[in-house]
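Residues per chain are reported as follows:
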Amino acid sequence: MRLFATSAAYHVTDSRGRVLLRSVLIGTQTAFATGLLGGAVVLFANLSELRSQDLGISAEDVVVVELSRPYVLEHPVQSLEFLRQLAGQSARLPGVGSTSLAISAPFVGAAGIAVNSPDHPGVWQLRTGVPYLNAVQASYFAIVGMNLVRGRLFGSAATLPTVHRAIINKTFAAVAW
């Protein structure tokens, strides 16, 4: 009997508007939480599918060594020489098939660069912004498992600053041609 009286007293002191508001808020929170959980499930499924896609590189076989940017900017010649020596010594380690130098590793970063040509006045614009540059050695593409679609790769004689060559990706080629 006492439980009934407490329950009745509760409803008497609470207005119907507050009960309705509380119900609406609980329903809204439940719907919002359900939507978030559903979104998390979709995100997880998309990430799982993305991990199974062939990105054109075999990242599990790539080891990245990075020098701090301030040091490289203050000592560019010493930095390049250090990296060349490191690549040469690393190539002699057991289990290392080959080495290459690059400004940045795939999907890690690159420098945006304004690109123009005599046939195209102005700067090329891609949906991702300006084209990105990554200076690499001739062995870079084979090491990361990137396949050439058309044209030719760099030869060992193509070294900066005397030879200026570029290998472009499909996105830039679609915009340029």
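Residues numbered from 1 in each chain as written. Predicted model: local features only at pLDDT ≥ 70, side-chain atom pairs only at ≥ 80, totals over all residues. Heavy atoms only, no water.

A. A look at the overall build of the protein chain. Scanning the protein chain from terminus to terminus reveals 6 helices and 2 strands. Along its sequence from the N terminus, the protein chain presents helices and strands in the succession α-α-α-α-β-β-α-α. Out of the 177 residues in the protein chain, the part that is buried amounts to 11%. Look at the contacts in the protein chain between residues 6 or more apart in sequence, and 44% of them connect residues 24 or more apart. Accessible area of the protein chain: about 14,600 Å², with a carbon and sulfur share of 62%. (Helix = DSSP H or I, 4+ residues; strand = E, 2+ residues; numbered from the N terminus. Buried < 20%, exposed > 50% of the residue type's maximum accessible area, 1.4 Å probe, protein only. Contact = heavy atoms within 4.5 Å. Areas by Shrake-Rupley, 256 points an atom, 1.4 Å probe, with all protein chains shown as cover.)

B. Summary view of helix α4 (residues 76-91). Look at α4: 22 Å from first C-alpha to last across 16 residues, which is about the 22 Å you get at 1.5 Å a residue. Looking at α4, one finds that the buried residues are Ser 79, Ala 87 and Ser 90. For α4, the angular spread of the buried residues around the axis is 70°, confining them to a single face. (Expected span 1.5 Å × (residues − 1). Arc of directions from axis to C-beta.)

C. Inspection of a nonpolar patch on the surface at higher detail. Taken together, Leu 43, Leu 47 and Leu 50 make up a surface patch of nonpolar side chains, about 290 Å² in accessible area. Its place among the elements puts Leu 47 in helix α2 (residues 16-51). (Patch = residues over 30% accessible without salt bridge, like charges linked within 9 Å, V, L, I, M, F, W, Y side chains within 5 Å. Salt bridge = Lys/Arg side-chain N within 4 Å of Asp/Glu carboxyl O.)

D. View of the confidence of the model for the protein chain. Looking at the protein chain as a whole, the pLDDT averages 75, with 70% of positions reaching at least 70. Taking the mean pLDDT of every element in the protein chain, the minimum, 49, falls on helix α1 (residues 2-13) and the maximum, 90, on α2. Throughout residues 1-5 the model reports pLDDT below 50, and contacts reaching past four residues in sequence, or to other chains, amount to 0 contacts. (pLDDT = per-residue confidence, 0-100.)

E. Main features of the packing of aromatic side chains. Summed over all chains, the structure comprises 1 aromatic pair. Measuring from centroid to centroid gives 5.5 Å for Tyr 140 and Phe 141, while their planes differ by 85°, and the two rings are edge-to-face. Here the two residues Tyr 140 and Phe 141 agree in accessibility, since each one is buried. (Phe/Tyr/Trp six-rings, centres within 6.5 Å; stacked < 30°, edge-to-face > 60°.)

F. Spotlight on the environment of Leu 101. When you line up the elements, Leu 101 lands in the loop between α4 and β1 (111-112). Sequence separation between Leu 101 and Leu 86 is 15 residues, and the spatial gap between their C-alpha atoms is 9.7 Å. Residues within four places of Leu 101 in sequence aside, it is in contact with Leu 80, Leu 83, Arg 84, Ala 87, Ala 135, Val 136 and Gln 137.

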